[in-house]
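# Structure assessment
Spelled out, the chains give:
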Amino acid sequence: MVKRSRRRGSLARWTGQTLARPMRRFTLLPRSLLARTFLLLAALLTASVLAWSGIYSWLEQGPRAQQAAQIIISVINLTRASLVSADPQRRLELLTELSMREGLRIYPDGDIPGFEPMAGDRSLATIEQELRRRLDPRTRIVVSKGLQSGLFVSFSIADEEGVDDYWLMLPRSRIERPLALEVIGWGTAALILALGGAYLIVRRVTRPLAAMKRAARAIGRGERPAPLPVQGAEELAEVASAFNQMADDLARNEDERALILAGISHDLRTPLTRLRLDMELAGLDPDTVRDMSADIDDMDKIIGQFLDFARITTGEEPVEGDLASLVLEASQAYARHDKPVQLGRVDPLPALRFRPLAIRRCLNNLIDNALRHAGEDRPIDLLCRLEGGEAWIEVCDRGPGIPPEQVDRLKRPFTRLDSSRTGQSGAGLGLAIVDRTLRAHGGRFDLLPREGGGLIARLSLPLPAGSPVKH
């Protein structure tokens, strides 16, 4: 299995074909490593904050209940002592003053207007148990709403006439500690800072991977990216170093292949030239000379295709130019040779960066292919359009066309269709050269059926950012 994988990868590199990407299964999680890792860290930090908040609340409940119970006991004892020691005629004045100054109200048991008890929370139950233990086993705590809203605590006063039961009403703010907005704000700020730190850490880890992805795609387009910086964690530095070594090896192999093909072409064309001269001086009959010249021309074209395939991404740098002018020049060149190439729609295009010689070779290749298979008596339509975010060059003919299921196969090197569409001449590199050239430009090469019969060969080049888009 390992050998087979290496074989497929090597074949993909040398033939210029990209392997099919694995199918992505639908998932609720984002696909990028940065987003997934950040979400997991965010969930972990949020759960940690919530867990510590719960632990703090649980640990604080006992001391807070004891503190609240101590406050209530002190208030009851002071109130009871005040009522017992006060002059009976001035008790009403005392209760009024307690109500106005301290917010405390005393009611006889069962004589509370608008009293509607409601269930208290767990902390009040803990306070009630503490009061019963330290004050009176009969102590009750009731939370009320309605006309009299507050916290009612029962207590009793013993005198010479017996024991009287009362309710002491306290504002809930006396014993409850509301969650301050400052605490929420500081907690939120701490969580945001933690999430920001987590994002920076994850970003620092995934940034080299993103740079490696861009470099790998550039290599797939036939470009030579700048070396990746060998820095960061030991594992990432080793991966970057290995990737740079791989890119250098591929570039060196590419240069050696181009050099070998150039040397072979030079060595082959020299004897072909001698054969042509010897044939013309040998005194052979005209038919034989014509057939042998045609064979020599085919051999020369095959050598030229090998050279074009080897130098797609070498020997020429992209420059900024007008693609529409290149199409116009191509149509005029064929018109001067009385070829039925007619110029159709040509949209004004923004300046693009491309390799002029490589695009011209692709265009000439497609036009020659259309003339050869559609026939010299059928016109070839040449168009240059602006569609979506791309610039389209289309070569349209009325030939036999290509079956849709054979299109991808014909873009591979050394493949031909067993029909009149491709014929028997050439090495089967024409469409592969066009496809590889367009991918090196970040574009796309499509072979589409033409309405009414024929074929549309479309070259698609992406527009620069900020260019006008036509729909």
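Note that the structure is a prediction, hence the values are computed from the model and not measured.

### A word on the overall build of the protein chain
For the protein chain, the helix and strand inventory stands at 11 helices and 12 strands. A total of 471 residues make up the protein chain; the buried ones form 35% of that total. Considering only residue pairs separated by 6 or more positions, the protein chain has 66% of its internal contacts joining residues 24 or more positions apart. Carbon together with sulfur atoms contributes 57% to the accessible area of the protein chain, which is approximately 29500 Å² in total.

### Things to note about the nonpolar core
The nonpolar side chains of a soluble globular protein tend to be buried, and buried together. In terms of nonpolar packing, the biggest core is built from 38 residues, with Leu323, Leu363, Val395 and Phe445 touching the most fellow members. In terms of residue count, helix α9 (residues 356–374) provides more of this core than any other element does, 8 residues in total. Residues contacting phenylalanine 445, with those up to four places away along its chain left out, are Leu366, Lys411, Leu431, Val434, Asp435, Leu438, Ala457, Arg458 and Leu459. Ala69, Leu124, Val153 and Ile157 belong to the second largest nonpolar core, which has 21 residues in total.

### Focus: the environment of arginine 217
Take arginine 217: it is sitting in helix α5 (residues 181–220). Taking C-alpha positions, arginine 217 is 10.0 Å from alanine 440, a pair spaced 223 residues apart along the chain.

### A look at unusual backbone geometry
The backbone phi angle of aspartate 338 is positive, close to 60°, even though this residue is not glycine. By the element assignment, aspartate 338 lies in the loop between α8 (323–336) and β7 (341–346).

### Examining the pairing of strand β11 (residues 444–449)
With 6 bridges joining them, β11 and strand β12 (residues 455–462) adopt antiparallel strand pairing. Within β12, the residue paired with proline 449 across the bridge is leucine 455.

### Observations regarding the sheet that holds strand β9 (residues 380–387)
Spatial ordering of the open sheet is given by β7-β9-β10-β12-β11, a layout of 5 strands whose pairing is mixed. Every other strand in the sheet has two partners, leaving β7 and β11 as the edge strands with one partner each. Here the average twist between neighbouring strands, direction ignored, is 20°. Helix-sheet contacts for α8 involve β7, β9, β10 (390–397) and β12, and the interaxial angle to β7 is about 160°. Strands β7, β9, β10, β11 and β12 of the sheet are contacted by α9, whose axis makes an angle of about 25° with β10.

### A short note on the pattern of salt bridges
The tally for this structure, following the rule as stated, stands at 12 salt bridges. Notably, a salt bridge pairs glutamate 387 with arginine 345, separated by 3.6 Å at the nearest N-O pair. Of the two residues, glutamate 387 sits in strand β9 while arginine 345 sits in strand β7, which places them 42 residues apart along the sequence. Residue glutamate 387 is classed as buried on the basis of its relative accessible area of 19%. Judged by relative accessible area, arginine 345 falls into the partly exposed class, the value being 32%. Across the pair glutamate 390 and arginine 444 runs a salt bridge whose closest N-O atoms are separated by 2.9 Å. Placement of glutamate 390 in strand β10 and of arginine 444 in strand β11 is noted, with a sequence separation of 54 residues between them. Taking relative accessible area as the criterion, arginine 444 reaches 33% and is therefore assigned partly exposed.

### Concerning a negative patch on the surface
On the surface, Asp285, Asp291, Asp295 and Asp298 cluster together into a patch of negative charge. As for its position among the elements, aspartate 298 is in helix α7 (residues 286–310).

### Considering the packing of α9 against helix α11 (residues 430–440)
Remark: α9 packs on α11, axes separated minimally by 10 Å, with the N-to-C direction vectors making an angle of 145°. Of the two possible hands of crossing, α9 and α11 adopt the one that is left-handed. Here Ala358, Ile359, Cys362, Asn365 and Leu366 of α9 lie close against α11, whose contacting residues are Gly430, Leu431, Ile433, Val434, Thr437 and Leu438. Residues that form the contact of α9 with α11 fall into these classes: 8 nonpolar, 3 polar and no charged.

### Quick look at a nonpolar patch on the surface
Judged by side-chain polarity, Trp52, Ile55, Trp58 and Leu59 come together as a nonpolar surface patch covering roughly 520 Å² of accessible area. Taking relative accessible area as the criterion, tryptophan 52 reaches 60% and is therefore assigned exposed.

### Quick look at the confidence of the model for the protein chain
With 77% of its residues at a pLDDT of 70 or more, the protein chain has an overall mean of 76. Within the model, the stretch residues 1–23 combines pLDDT values under 50 with 21 contacts to residues more than four positions away or in other chains. Note that pLDDT drops below 50 for residues 420–424; the model gives that stretch 16 contacts with residues more than four away or on any other chain.

### Some points on the packing of α8 against α9
Orientation of α8 relative to α9, taken along the N-to-C sense of each, is 40°, at an axis distance of 11 Å. For the element pair α8 / α9, the angle class is oblique. For the element pair α8 and α9, the recorded crossing hand is right-handed. Judged by residue contacts, Leu323, Leu326, Val327, Glu329, Ala330 and Tyr334 of α8 engage Pro356, Ile359, Arg360, Leu363, Asn364, Ile367, Asp368 and Leu371 from α9. Looking at side-chain class alone, the contact of α8 with α9 contains 10 nonpolar, 1 polar and 3 charged residues.

### Re a positive patch on the surface
A cluster of basic residues, Arg203, Arg204, Arg207, Lys213, Arg214 and Arg217, forms a positive patch at the surface. Looking at arginine 217, the relative accessible area reads 46%, which means it is partly exposed.

### Side note on the pairing of β10
By the criterion of burial, β10 is predominantly enclosed, with 7 of the 8 residues buried. Looking at chain direction, β9 and β10 are connected through 7 bridges and run antiparallel. Considered in β10, the bridge of leucine 382 is made with valine 395. Hairpin connection of β9 to β10: 2 residues between the antiparallel strands, including glycine 388 at a positive phi of 60°.

The rules behind the values
Each chain has its residues counted from 1, running along the sequence as written. Confidence filtering applies because this is a predicted model: local features only for residues at pLDDT of at least 70, side-chain atom pairs given and counted only at 80 or more, and all residues used for totals across whole chains, interfaces and linings. Just so you know, side-chain values use all the structure's heavy atoms and leave hydrogens and water out. The numbering of helices and of strands both runs from the N terminus, where a helix is a DSSP run of H or I of at least 4 residues and a strand a run of E of at least 2. Buried residues are those whose accessible area, probed at 1.4 Å on protein chains only, stays under 20% of the maximum for their type, while exposed residues exceed 50% and partly exposed ones sit between those limits. By definition in these notes, contact holds between two residues if any of their heavy atoms fall within 4.5 Å. Shrake-Rupley sampling with a 1.4 Å probe provides the accessible areas, and residues are treated as covered by the protein chains on show and by no other component. What makes a nonpolar core is a set of buried Ala, Val, Leu, Ile, Met, Phe, Trp, Tyr and Cys residues whose side-chain atoms join them at distances within 4.5 Å. By definition, two strands form a pair when at least two bridges between them are found by DSSP. A fitted line through C-alpha atoms serves as each axis, taken over the contacting stretch for helices, and the angle formed by two N-to-C directions is quoted from 0 to 180°. Salt bridge, as used here: a side-chain nitrogen of Lys or Arg that lies within 4 Å of a carboxyl oxygen of Asp or Glu. Like charges are joined within 9 Å and nonpolar side chains (Val, Leu, Ile, Met, Phe, Trp, Tyr) within 5 Å, but only among residues with over 30% relative accessible area and no salt bridge; these make up the patches. Residues scored as positive are Lys and Arg, those scored as negative are Asp and Glu, and His as well as the terminal groups of each chain are ignored. Think of each charge as sitting on NZ of Lys, CZ of Arg, CG of Asp or CD of Glu. A clockwise turn of the near helix away from the far one marks a right-handed crossing, whereas an anticlockwise turn of less than a right angle marks a left-handed crossing. Classification used: nonpolar for Ala, Val, Leu, Ile, Met, Phe, Trp, Tyr, Cys and Pro, charged for Asp, Glu, Lys and Arg, polar for all others including Gly. The quantity called pLDDT is the predictor's confidence in a given residue, expressed from 0 to 100. The scheme is simple: roughly parallel for angles under 35 degrees, roughly antiparallel for over 145, roughly perpendicular for 65 to 115, oblique for anything else.

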